Amino acid sequence: LNFKLASEKTVSPLSFPGKVLADAESNRLFIADSTNHRIVITDLKGKKIAIAGDGKEGLNDGKFAYAQFSDPQGMALSGDILYVADRKNHCIRALNLKDQTVKRVAGTGVQNRTWFNKPGTTKAALTFGMGSPWDLLLVNKRIYIAMAGHNQIWSFDPVKSTVSVYAGSGYEELTD
């Protein structure tokens, strides 16, 4: 067996994919190619449709070819918008699948080491920092965020452009 460190790049279509989202309705598969810092979009048979991200770690919005991510993880699809938890950039990104553009929609891009301490507290999405968003779930046009760095579940309202705490005290504990 040939073992390599994650930092040793190998020629491969994917490098440590973090999450996968399948959409049968549109016949698309979205792959968070985490260590290559990009999102790979294929059909359900694996034929490449598009790639968002230039493969270099960074925080850059714009056209798919020039966009940059840092360890993208969970995704949620709402029509022609794919939301991505950009973990090491501590933000949520929106990929417009028609225009093939990327933009930051929540988080500042800088890790926030403080957290909300009460569920229901609401902040402007682009002005409050996040802490390692890990996964996303879309329910009734609201996106729930597993916030690994804050040990909480947050929610993001894309219409109002706000984030709020849905559950969790922020402390690492197991209580009901």
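Structure first, text after, so check above.
Residues numbered from 1 in each chain as written. Predicted model: local features only at pLDDT ≥ 70, side-chain atom pairs only at ≥ 80, totals over all residues. Heavy atoms only, no water.

Visitor: I'd like a rundown of the sheet that holds strand β3 (residues 38-43), residues and numbers included.
Guide: With respect to topology, four strands assemble into an open sheet ordered β1-β2-β3-β4, the strand pairing being antiparallel. The sheet terminates laterally at β1 (19-23) and β4 (48-52), the two strands that pair on one side only. Taken over all neighbouring pairs, the strand axes of this sheet differ in orientation by 15 degrees on average, direction set aside. (Pairing = 2+ DSSP bridges. Helix = DSSP H or I, 4+ residues; strand = E, 2+ residues; numbered from the N terminus. Axes fitted to C-alpha atoms, helices over the stretch in contact; angles between N-to-C directions.)

Visitor: Any details on the sheet that holds strand β14 (residues 162-167)? Residues and values, ideally.
Guide: Reading across from one edge, β10-β14-β13-β12-β11 is the order of the five strands in this open sheet, with antiparallel pairing throughout. Because the sheet does not close on itself, it has two edges, and the strands there are β10 (122-124) and β11 (133-139). The mean angle between the axes of side-by-side strands here comes to 30 degrees, regardless of whether they run parallel or antiparallel. Of the strand pairs in this sheet, strand β13 (residues 152-157) and β14 are connected by five bridges, and their pairing is antiparallel. For S155, the partnering residue across the bridge sits in β14 and is S164.

Visitor: Outline the pattern of salt bridges, supporting the account with residue identities and numerical values.
Guide: Counted by the stated rule, this structure contains six salt bridges. The partner of D61 in a salt bridge is R93, with the nearest N and O atoms 2.9 Å apart. With D61 in the loop between β4 and β5 (62-63) and R93 in strand β8 (residues 91-96), this residue pair connects regions lying 32 residues apart in the sequence. Among the residues examined, D61 registers a relative accessible area of 34% and is labelled partly exposed. (Salt bridge = Lys/Arg side-chain N within 4 Å of Asp/Glu carboxyl O. Buried < 20%, exposed > 50% of the residue type's maximum accessible area, 1.4 Å probe, protein only.)

Visitor: Pulling in residues and values, what's your account of unusual backbone geometry?
Guide: Backbone geometry places H37, a non-glycine residue, at a positive phi of 55 degrees. Looking at the secondary structure, you find H37 in the loop between β2 (28-33) and β3. On the basis of relative accessibility, which here comes to 11%, the residue H37 falls in the buried class. A positive phi angle is found at K141, which is not glycine, with a value near 65 degrees. Locating K141 in the fold gives a position in the loop between β11 and β12 (142-147).

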